[in-house]
Amino acid sequence: MPLWGIIHHRGRRSGTAYATPIALVPTVSESLFLIGLPWGAKTNWARNVLVAGEATIAWKGREHRATGPRLVEPAEAAALSKPAFRRVVGRFPAAIVLTRANGAAEPRDVVPDR
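So, here is what we can say about the structure in this document.

Brief notes about the overall build of the protein chain
The secondary structure content of the protein chain amounts to three helices and seven strands. Ordered by position in the sequence, the α and β elements of the protein chain form the string β-β-β-α-β-β-α-α-β-β. Considering only residue pairs separated by 6 or more positions, the protein chain has 65% of its internal contacts joining residues 24 or more positions apart. When the accessible area of the protein chain is evaluated, it comes to approximately 6,700 Å², of which 54% is carbon and sulfur surface.

With respect to the environment of Thr20
By the secondary structure assignment, Thr20 is in strand β2 (residues 17-25). Counting along the chain gives 13 residues from Thr20 to Ile7, while the straight-line C-alpha distance between them is 5.3 Å. In terms of polar contacts, Thr20 uses its side chain to reach the side chain of His9, at 2.8 Å.

What about the pattern of salt bridges?
Enumeration over the complete set of coordinates arrives at two salt bridges. Residues Glu54 and Arg65 are paired through a salt bridge, measuring 3.4 Å at the closest nitrogen-oxygen approach. Of the two residues, Glu54 is situated in strand β4 (residues 54-59) and Arg65 in strand β5 (residues 62-72); the sequence distance between them amounts to 11 residues. For Glu54, a relative accessible area of 37% puts it in the partly exposed group. Residue classification places Arg65 among the partly exposed residues on the basis of a relative accessible area of 32%. One salt bridge in this structure joins Arg70 and Glu76, with 2.9 Å as the shortest N-O distance.

Observations concerning helix α1 (residues 44-52)
Every α-helical turn comprises 3.6 residues, leaving residues that sit three or four positions apart pointing alike. Those residues of α1 lying buried are Trp45, Ala46, Asn48 and Val49. Down the axis of α1, the smallest arc covering the buried residues is 160 degrees, so these residues share one side. Of the residues flanking the end of α1, it is Gly53, one or two places downstream, whose phi is positive at about 80 degrees.

Overview of the pairing of β2
With seven of its nine residues buried, β2 lies for the most part within the structure. Here strand β1 (residues 4-10) runs beside β2; their pairing, made up of seven bridges, is antiparallel. The residue bridging His8 from the neighbouring strand is Ala19, located in β2. In textbook terms, the turn of a hairpin is the stretch between consecutive antiparallel strands, and for β1 and β2 this stretch comprises six residues, one of which, Gly15, has a positive phi near 80 degrees. Examined bridge by bridge, β2 and strand β3 (residues 32-37) share two bridges and lie antiparallel to one another. Residue Val25 lies in a different strand from β3, and its bridge partner there is Leu34. Hairpin connection, β2 to β3: the antiparallel pair is bridged by six residues.

About the cut-offs
- Residues numbered from 1 in each chain as written.
- Predicted model: local features only at pLDDT ≥ 70, side-chain atom pairs only at ≥ 80, totals over all residues.
- Heavy atoms only, no water.
- Helix = DSSP H or I, 4+ residues; strand = E, 2+ residues; numbered from the N terminus.
- Contact = heavy atoms within 4.5 Å.
- Areas by Shrake-Rupley, 256 points an atom, 1.4 Å probe, with all protein chains shown as cover.
- Polar contact = N/O pair within 3.5 Å; in protein donor to acceptor, adjacent residues only side chain to side chain.
- Salt bridge = Lys/Arg side-chain N within 4 Å of Asp/Glu carboxyl O.
- Buried < 20%, exposed > 50% of the residue type's maximum accessible area, 1.4 Å probe, protein only.
- Arc of directions from axis to C-beta.
- Pairing = 2+ DSSP bridges.

From the geometry alone we can't say anything about function, so treat these as descriptive.
Right under this line is the structure:
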């Protein structure tokens, strides 16, 4: 199961384009992306995505536009994930849920996230 992806986002203050490696959690809905936040919701990339209201996710060889990011508590993240992942996701302090948007994502200049 390919869990690894790259989330492309912009710095909330600088506007710099970043690319951050992420692990996508398989969900019960094909219309959602779920990203566990094992280090909490205050990581810079998560804050950037929440402020911007969108991101691009490179996954399975394609670019996916993702909109409407929102933080969810562990119980909701577990309920949204496939059964095999619920126990792990339910232990994270938070997760981000994004909706898969229709349409191709635009290419962008990127600085690797540190």
